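Residues per chain are reported as follows:
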Amino acid sequence: MQILVLNSGSSSLKHQLFALSDGELTKLDRGSIECIGEGNAQVHCHADALALVFEQLERASECDPRELVGIGHRVVHGGDLFDHPVLIDDRVIRGIREAIPLAPLHNPPALAGIDAARTLRPDLPQVAVFDTAFHQTLPSHALRYALPAWCYEKYGIRRYGMHGISHAFVSRRAAELLDRQPADVNVITFHLGNGASAAAIAGGRCVETSMGMTPLEGLVMGTRCGDLDPSVPMFLYREAGMTVAEVDRLLSHDSGLKGLCGSNDLRAILQRAKRGHSDAELALQIYCHRLKKYLGAYFAILGRVDAVVFTAGVGENSPEIRRSACDGLDLIGIRLDEERNLAVRRGQASDVSANGSPVRVFVIPTDEEAEIARRSLEVMGLDSTEHPPRKKPSL
Ligand code: AMP
């Protein structure tokens, strides 16, 4: 049987097609249609883009549309309503629409993708898998801001967290690498891509995460500032005469690594730092200082930590960042092995901790689409092996 996973952005539609056989997922096809509805684009809307995807899949020899059993959709924000993936019906669509104020850039295109898929393939079950759902286990003391209760009760102002699909996937893989059940391990996960977040996971349940009501809170990111004194926007309105839209743009698109040194490409920043550019050096120091701050805080929250996981573009590919984040943490049981750290191979899970390190340090490639496929099949009742009996992966 096959399952299609869709990730609908404001002007893009990404797809991946998987086959499930004997409990194993295999990727059959992937693709991306960009610039939907822009300028003189040939594809005007998500419905056109999806029709094109189906045309291409039907032409590709390994894809058999008769084998397709459903479509899984990535949805960024499920608000308070969704703490697990759900079969899409009109009630679910209303729920995703209700969460638009919390994710104005992400939920509308997700709805466009869902609408296109339901129209084009009404015969197939559709599943929504939410980026926020994994964090719905946050306790009240982690999810509430220290604001008057009406902010929460009337406007839903609270911490939701994002990247949950990735944190869930890599934390479960970490348990596999430790040869233990997720319920028996405590893990700190760092999803470090252009967007970046950390999560503290106790026995498979997320108890703290760095992103908040929106993805702006927390770590230093490619273009987002992360944690900031909440008075800074007011100061900018008053003293720099900036508008709400200008400050919004500054904090989300022109800050983070890009704001500090002009680039959000960590590879380029590392090279510039090696050549002695002080702005690039400072940007890296601020980035890693924030990582370490979160690592320490999450250690204190979890009490016992079995593994720290690095994933996504930076986490999987930059030994320098992993080294700096873990540097000097012997006292809390984190010891990196520099040779292993440098020897990580792209796409492979690796243990980069030193022999005898009380806390293991893993590099685990994330696979959000596979996670969406797996969760969607579960919701459809087609994959009963919740955590399929895999051989312990070799490191
Ligand atoms: P993602 O959003 O997961 O695609 O991650 C994008 C980020 O990963 C960008 O900042 C890239 O510069 C960074 N990245 C990708 N490959 C490498 C690499 N080999 N070394 C350092 N950073 C990398």
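In case you missed it, the structure is sitting above this.
Just so you know, these numbers come straight off a predicted model, no measurement behind them.

Colleague: Outline the overall build of the protein, listing residues and values.
Modeller: Each helix and strand counted, the protein has 15 helices and 12 strands in total. Taken along its principal axes, the extent of the C-alpha atoms in the protein is 55 × 55 × 45 Å. Looking at the 395 residues of the protein, the share that counts as buried comes to 52%. Across the protein, contacts joining residues at least 24 apart in sequence account for 65% of those joining residues at least 6 apart. Just so you have it, the protein exposes about 18,500 Å², and 51% of that area is on carbon and sulfur atoms. Distance between charge centres in the protein, computed from 43 positive and 50 negative side chains, equals 3 Å.

Colleague: Account for the sheet that holds strand β7 (residues 186-192), with residues named and values stated.
Modeller: Judged by pairing direction, the sheet is mixed, and its 6 strands sit side by side in the order β9-β8-β7-β10-β12-β11 without closing on themselves. Each of the sheet's edge strands pairs with one partner strand only, and the pair in question is β9 (205-209) and β11 (350-351). Pairing between β11 and strand β12 (residues 360-363): 2 bridges, direction antiparallel. Along β12, the bridge assignment pairs Asp351 with Phe362. Of the strands in this sheet, β7, β8 (196-202), β10 (307-311) and β12 are in contact with helix α6 (residues 164-177), which crosses β7 at around 135°. Its contacts with the sheet put helix α11 (residues 278-302) on β7, β8, β9 and β10, and the angle it makes with β7 is roughly 160°.

Colleague: Tell me what's going on with the site of the ligand, and back it up with residues and numbers.
Modeller: Around the ligand sit Gly193, Asn194, Asn264, Asp265, Leu266, Arg267, Ala312, Gly313, Val314, Asn317 and Ser318, and those are all the residues in its vicinity. Here an oxygen atom of the ligand and a backbone polar atom of Asn194 are 2.9 Å apart. Separating an oxygen atom of the ligand from a backbone N or O atom of Arg267 is a distance of 3.5 Å. Elements that contribute at least two residues to the shell around the ligand include exactly α10 (266-274) and α12 (312-317). Along the lines of polarity and charge, the residues of the shell around the ligand split into 3 nonpolar, 6 polar and 2 charged.

Colleague: I'd like a description of helix α13 (residues 319-326), backed by residues and values.
Modeller: Within α13, burial applies to Pro319, Ile321, Arg322, Ala325 and Cys326. End-on, the buried residues of α13 take up no more than an arc of 165°, which puts them together on one face. With its phi angle positive at about 75°, Gly328 sits one or two positions after the end of α13.

Colleague: Outline a nonpolar patch on the surface, supporting the account with residue identities and numerical values.
Modeller: A contiguous nonpolar surface patch, about 290 Å² in accessible area, is contributed by Met234, Tyr237 and Val244. Overall, Met234 belongs to the partly exposed group, its relative accessible area being 43%.

Colleague: An account of the packing of α10 against α11 is requested, with residue identities and associated values reported.
Modeller: The relative placement of two packed helices comes down to the angle between their axes together with the axis-to-axis distance. Interaxial distance between α10 and α11 falls to 7 Å at its minimum, and their mutual angle equals 120°. Taken together, the axes of α10 and α11 lie oblique to each other. As for the relative orientation of α10 and α11, their crossing is left-handed in sense. Facing Leu266, Ile269, Leu270, Arg272 and Ala273 of α10, the residues of α11 in contact are Asp279, Ala280, Glu281 and Leu284.

Colleague: Describe the pattern of salt bridges, with residues and values.
Modeller: Tallied over the entire structure, the rule returns 23 salt bridges. Asp123 serves as the salt-bridge partner of Arg121, at 2.8 Å between the closest nitrogen and oxygen. Taking relative accessible area as the criterion, Arg121 reaches 16% and is therefore assigned buried. Connected via shared salt-bridge partners are Arg172, Glu371, Arg375 and Glu378.

Colleague: I'd love a proper account of the sheet that holds strand β4 (residues 68-75), names of residues and values included.
Modeller: Strands sit in the order β3-β2-β1-β4-β6-β5 across an open sheet of 6 strands; the sheet is mixed. Looking at the sheet topology across the chains shown, the edges are occupied by β3 (24-33) and β5 (86-87). Pairing of strand β1 (residues 2-8) with strand β2 (residues 13-21), which is carried by 7 bridges, proceeds in the antiparallel orientation. Paired with Val5 across the bridge in β2 is Gln16.

Colleague: A description of the pairing of β7 should follow, citing residues and the corresponding values.
Modeller: By the criterion of burial, β7 is predominantly enclosed, with 7 of the 7 residues buried. Neither face of β7 is open: one carries Asn186, Ile188, Phe190 and Leu192, the other Val187, Thr189 and His191, and all of them are buried. Sheet topology note: the β7/β8 ladder contains 7 bridges and is antiparallel. Pairing of Leu192 across the sheet is with Ala196, part of β8.

Colleague: Please give an account of the packing of aromatic side chains that cites residues and values.
Modeller: Tallied over the entire structure, the rule returns 4 aromatic pairs. With a centroid separation of 4.5 Å and 5° between ring planes, the pair formed by Phe82 and Phe130 is classed as stacked. Here Phe82, found in the loop between β4 and β5, pairs with Phe130, found in strand β6 (residues 126-130); they are 48 residues apart in sequence, far enough to count as distant. For the pair shown, Phe82 and Phe130 are each scored as buried. Between the aromatic rings of Phe190 and Phe310, the centroid separation amounts to 5.6 Å while the plane-to-plane angle is 15°, which identifies the pairing as stacked. Separated by 120 residues along the polypeptide, Phe190 in strand β7 and Phe310 in strand β10 bring together distant segments of the chain. The same class applies to Phe190 and to Phe310, which are both buried.

Colleague: Which residues make up unusual backbone geometry, and what values do they have?
Modeller: If you check the backbone angles, His163 has positive phi at about 60° while not being a glycine. Position of His163 relative to the elements: it lies in the loop between α5 (149-155) and α6. Classification of His163 as buried rests on a relative accessible area of 12%. Even without being glycine, Asp179 reaches a positive phi, approximately 60°. Looking at Asp179, the relative accessible area reads 56%, which means it is exposed.

So, how was this worked out
Residues numbered from 1 in each chain as written. Predicted model: local features only at pLDDT ≥ 70, side-chain atom pairs only at ≥ 80, totals over all residues. Heavy atoms only, no water. Helix = DSSP H or I, 4+ residues; strand = E, 2+ residues; numbered from the N terminus. Buried < 20%, exposed > 50% of the residue type's maximum accessible area, 1.4 Å probe, protein only. Contact = heavy atoms within 4.5 Å. Areas by Shrake-Rupley, 256 points an atom, 1.4 Å probe, with all protein chains shown as cover. Lys, Arg positive; Asp, Glu negative; His and termini not counted. Charge placed at Lys NZ, Arg CZ, Asp CG, Glu CD. Pairing = 2+ DSSP bridges. Axes fitted to C-alpha atoms, helices over the stretch in contact; angles between N-to-C directions. Near = heavy atom within 4 Å. Polar contact = N/O pair within 3.5 Å; in protein donor to acceptor, adjacent residues only side chain to side chain. Nonpolar A, V, L, I, M, F, W, Y, C, P; charged D, E, K, R; others polar. Arc of directions from axis to C-beta. Patch = residues over 30% accessible without salt bridge, like charges linked within 9 Å, V, L, I, M, F, W, Y side chains within 5 Å. Salt bridge = Lys/Arg side-chain N within 4 Å of Asp/Glu carboxyl O. Parallel < 35°, antiparallel > 145°, perpendicular 65-115°, else oblique. Left-handed = near helix turned anticlockwise from the far one by under 90°. Phe/Tyr/Trp six-rings, centres within 6.5 Å; stacked < 30°, edge-to-face > 60°.

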